Amino acid sequence: MAEYQTQEHDVVVIGAGGAGLRAAIEAASAGCSVALVCKSLLGKAHTVMAEGGVAASLANVDERDNWRVHFSDTMRGGQYLNNWRMAELHAQQAPDRVRELEKWGALFDRTKDGSILQRNFGGHRYPRLAHVGDRTGLEMIRTLQDHGIHQGIDVFMEFTVVTLLKSGDRVVGALAYDRERGYFHEFRAKAVIMATGGIGKAFRITSNSWEYTGDGHALAYDAGAELVDMEFVQFHPTGMVWPPSVRGILVTEGVRGDGGVLRNSEGRRFMFDDIPDLYKEQTADSPEEGWRYVQGDKAARRPPELLTRDHVARCIMREVKEGRGSPHGGVFLDIAWIKEKISNAEEHIKKKLPSMYHQFKKLADIDITKEPMEVGPTTHYVMGGVRVDADTQMTTVPGLFAAGECAGGLHGANRLGGNSLSDLLVFGKLAGEYAAAFAKENGAAEAPAEQIDAAIANSLAPFDAGDASAEAAYAVQHDLQDTMQDLVGIVRVEHELKEAIERLGKLRERARKVRVDGHRQYNPGWHGALDLENMLVISEAVARSALDRNESRGAHTRNDFPDKSEACAKVNTVVRKGADGAMEVQQRPIAEMRSDLQAIIEEMK
Amino acid sequence: MATATFKIWRGDAKGGDYDDYQTEVSEGMVVLDAVHQIQAEKAHDLAVRWNCKAGKCGSCSAEVNGMPKLMCMTRLSDINLDEPVTIQPVKAFPVIKDLVCDVSWNFRAKKKIKPLKPRKPDAADGTWRMAQEDVDRVQEFRKCIECFLCQDVCHVLRDHDLHEQFIGPRLFVYTAALEMHPLDEEDRTGDLAGEFGVGYCNITKCCTKVCPEDITITDNAIIPLKERVVDTHYDPIRMLVRKLRGG
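Report follows, based on the coordinates. Computed from a predicted model, the values in this text were never measured in an experiment. (Residues numbered from 1 in each chain as written. Chains lettered and ligands numbered in written order. Predicted model: local features only at pLDDT ≥ 70, side-chain atom pairs only at ≥ 80, totals over all residues. Heavy atoms only, no water.)

### Some remarks on the overall build of chain A
No. 1: Along chain A, the regular secondary structure elements total 16 helices and 20 strands.
No. 2: Against the 2.2 N^0.38 benchmark of 25 Å for 605 residues, chain A shows a C-alpha radius of gyration of 23 Å, consistent with a compact globule.
No. 3: The C-alpha extent of chain A, read off along each of the three principal axes, is 70 × 50 × 50 Å.
No. 4: Contacts in chain A between residues at least 24 apart in sequence constitute 73% of all its contacts with a sequence separation of at least 6.
No. 5: For chain A, the accessible surface area stands at approximately 19800 Å², while carbon and sulfur atoms represent 48% of it.
No. 6: Within chain A, one finds 73 positive and 88 negative side-chain charges whose respective centroids are separated by 3 Å. (Helix = DSSP H or I, 4+ residues; strand = E, 2+ residues; numbered from the N terminus. Rg over C-alpha atoms; globule rule 2.2 N^0.38 Å. Contact = heavy atoms within 4.5 Å. Areas by Shrake-Rupley, 256 points an atom, 1.4 Å probe, with all protein chains shown as cover. Lys, Arg positive; Asp, Glu negative; His and termini not counted. Charge placed at Lys NZ, Arg CZ, Asp CG, Glu CD.)

Set out below in structure tokens:
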């Protein structure tokens, strides 16, 4: 029998980014005992990297803003595949969640009258993003962390969950291992919240760190939950492209929100060349109008650089493909040009975009106040995730909840910038609230010991598998990333998707045989071997969902189906584990939108 | 492509030594890239902590050629690669394995600091009004990414090991952010003088020098805290008041 320790709590939260922290705070405030289990140290999760801001219709800068506009912007951005109830709750509750952060110590930049300042961002009709320069995520995670540590939450840092535990149909805990020592721990719980973030590490070029291997998606899937919209992976249009070692690191959309423009090698602002019909009415028709917009002129319309991320990424790809790219395969993003318009441009850029200034200066020897940056698309975010009930965030498995990036529904086919930070606050809170309620209504239960023993044996298998000549996990991960980047990337086509699925099958065989050196304590080679299982599940989910959607919509572009299809507009793609263990893909009709919400969409057209 | 040698400390709490690794270096590489390359090529179980790789999360602190650095922001082009590059874990905290230290003390010590106690909201809707200048003063401290390099170089922790009597520069920065927070009404001066041990700092400014976020730790955070302590605790009138109140 395997050795492990057992911890008992009412609610276990897996992941300590914004969603996990917010959920833990809420569950604790409802009187539950809470364990917060996180893969890294507290405060290091990807939320810390978020730059631009948190979207909430506070209407501090433009009084025309309200939740209805935010709702319709979010739906338009998601090409109406969004779960409209989630989009409604999100738009309605985001302002309160932002104001609550202020009570817990967050210090956002201010308007002249001392309220929270808001900035422009792609797809948002009015200046809507509360921010702190370009380090909003740090401010948010630190605020939640520093508030959270006084709420009686038990934090388990550098613990990796390897499986969810079930009793019958219900999730009743999780099995984790503690990286610093290599011991196993059973976290027994009446309710479990998944808040593990994204899947970016399945791609070669990504803004995501090593942690984002789709753990929450894959573990929930294995436990019987459904995944939705997995074909929609957001490629952020502006990642760094040079030098090679920083390829993929994010360059905030705030650069464009503050007047930065995209140019090709001929110096042309190519974003003016292709403006989608859905946005024609809202987009500036001259550079001059675009400049007035970023300067706060309420009569002006958005510059095309602030179109949605899916569209901007595709336009950049087009320029590069047609030979008008920058020297290292990107395009130019220029904020320095604003010196033609304002006298203190250098100081202004450093004040508004301090970490971008620092990042380029340090890592690329580029002074962004003087010269343009080279940028190109980078895998940034997955719109798809664990399918949840909009009001409670419970998955299709009793006792299992999900919030933040690992939950699906809110963003539909494409997420607007700034909507992820508000997503994790709004739905983190709801997940915490309803998980606490579930815990109170349902007694304690535990998984059979055999389940735990089997999971431990499975986790330790890589130490025994393979002979001395077998490869380590690194090479398999690398090939998986190449497969996804090359065959399931920004532009997709049927035969490549099929090839990807076949290659993933072969990678699965290799993954089973990888060799682990050394012992269990802080062993990244072992950790990498365990990560592979999750990465293979989510990669297959993305590829199969992409193959199933025969159209181009939002972040999903199919070369063989370049247009939107009316039939596809009415369905979400749902993935689940079949009875035989194979992945099943279904098209699920989208519930008809409530008439009052439909009226809002009509009104805002 | 050029090859460089890296001397990386391998071991655990029981002890260890440097191992030499050679790997190819290319344009733009940072120290963390070299460590990852070595990990993937030959030292598969080499322990290193990292996340964002962009100087924003503060995970990959280590001592590179004896200097406390974020490995992700230290470019190989700024280092002499004719000599082996030494990489070792930070010294002020106990080693777990290889380049990874047990920094949990920082999290425990932070919990002792009284949280924000906001004043009553300024507006009927429960919100506050704050001037940008007031916010700016504190935002410098809130830039901190908790890399703990300042804790690593502080001699009170590094050489004298006074972790139980002194919270260190990072947590003074945190306390300063609370004390100077425009909404805060809490008083932490007693704790600063007492169990936080602000008096142990003798202003050598080593912490300021290593801060990757360029926070002026000593001048802007620690010295003002010291002044607050002096104003409240050594002010003759207040001392008299305290005496009369029996405090």
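### Looking at the pattern of salt bridges
Residue and element names in this part refer to chain A.
No. 1: Evaluated as defined, the whole model comprises 88 salt bridges over all chains.
No. 2: Of the charged contacts in the structure, one is a salt bridge between glutamate 102 and arginine 110, with a shortest N-O distance of 2.8 Å.
No. 3: Arginine 110 sits in the buried class, given a relative accessible area of 4%.
No. 4: With its nearest N and O atoms 3.4 Å apart, the salt bridge here joins lysine 605 to glutamate 602. The same class applies to lysine 605 as to glutamate 602, namely exposed.
No. 5: What you see here is one network of salt bridges that share partners, running through Arg22, Glu26, Arg97, Glu100, Lys429 and Glu433. (Salt bridge = Lys/Arg side-chain N within 4 Å of Asp/Glu carboxyl O. Buried < 20%, exposed > 50% of the residue type's maximum accessible area, 1.4 Å probe, protein only.)

### Some points on a nonpolar patch on the surface
No. 1: A cluster of nonpolar side chains, Val230, Tyr234 and Met239 of chain B, forms an exposed patch at the surface whose accessible area comes to about 300 Å².
No. 2: Along the polypeptide, methionine 239 of chain B turns up in helix H10 (residues 236-245). (Patch = residues over 30% accessible without salt bridge, like charges linked within 9 Å, V, L, I, M, F, W, Y side chains within 5 Å.)

### So, the interface of chain A and chain B
Bring the parts together and some accessible area is lost; that lost area is often taken as the interface size.
No. 1: If you look at the interface, chain A gives 62 residues, while chain B gives 58 residues.
No. 2: Across the interface of chain A and chain B, roughly 5000 Å² is buried in total on both sides, 55% from carbon and sulfur atoms.
No. 3: It is Lys44, Leu107 and Tyr522 of chain A that lose the most area in chain A upon contact with chain B, and together they represent 13% of the buried surface on that side.
No. 4: Inspection of the region where chain A meets chain B yields 8 salt bridges.
No. 5: The interface formed by chain A and chain B includes 35 residue pairs in polar contact (both at pLDDT 80 or more).
No. 6: Looking at the side of chain A that touches chain B, the elements that each hand over two or more residues are helix H3 (84-103), helix H4 (136-148), helix H10 (354-364) and helix H15 (524-548) of chain A.
No. 7: For the side of chain A that touches chain B, the leading source of residues is H10 of chain A, giving 7 residues.
No. 8: Residue composition of the side of chain A that touches chain B, by class: 24 nonpolar, 17 polar and 21 charged. (Buried area = accessible area lost by both parts, 1.4 Å probe. Polar contact = N/O pair within 3.5 Å; in protein donor to acceptor, adjacent residues only side chain to side chain. Nonpolar A, V, L, I, M, F, W, Y, C, P; charged D, E, K, R; others polar.)

### A closer look at the side chain of serine 245 of chain A
No. 1: Here serine 245 of chain A shows up in the loop between strand S11 (233-240) and helix H6 (254-257).
No. 2: Not counting the four nearest positions on each side in its chain, serine 245 of chain A is found in contact with Gly28, Met29, Val30, Asp33 and Lys53 of chain B.

### Here's the deal with the pairing of strand S3 (residues 61-64) of chain B
All names here are of chain B.
No. 1: Alternating positions in S3 separate into two faces, Ser61 and Glu63 on one and Ala62 and Val64 on the other, with burial throughout.
No. 2: The pairing of S3 with strand S4 (residues 67-70) spans 4 bridges and is antiparallel. Looking at the pairing, alanine 62 lines up with lysine 69 of S4.
No. 3: Linkage of S3 to S4, two consecutive antiparallel strands, is achieved through a turn of 2 residues, within which asparagine 65 is found at a positive phi near 50 degrees.
No. 4: Relative to strand S5 (residues 85-88), S3 runs antiparallel, the two being bridged by 2 bridges. Residue pairing for S5: valine 64 is matched across the bridge by isoleucine 87. (Pairing = 2+ DSSP bridges.)

### Quick notes on the sheet that holds strand S14 (residues 373-382) of chain A
All names here are of chain A.
No. 1: On the basis of which strands lie adjacent, the open sheet formed by 4 strands has the order S11-S14-S13-S12 and antiparallel pairing. Of all the strands in the sheet, the pair left with one neighbour each is S11 and strand S12 (261-263). Across this sheet, the average inter-strand angle for adjacent strands is 45 degrees, counted without regard to direction.
No. 2: Pairing of strand S13 (residues 331-334) with S14 involves 3 bridges; the strand directions are antiparallel. Residue pairing across strands places valine 331 opposite valine 375, the latter belonging to S14. (Axes fitted to C-alpha atoms, helices over the stretch in contact; angles between N-to-C directions.)

### Examining the state of the cysteines
Residue and element names in this part refer to chain B.
No. 1: Per the counting criterion, the structure on display carries 0 disulfides over all chains.
No. 2: Cysteine 207 supplies the cysteine sulfur nearest to cysteine 206, a cysteine that is in no disulfide, at a spacing of 7.0 Å.
No. 3: What makes cysteine 206 partly exposed here is its relative accessible area of 29%. (Disulfide = S-S within 2.5 Å.)

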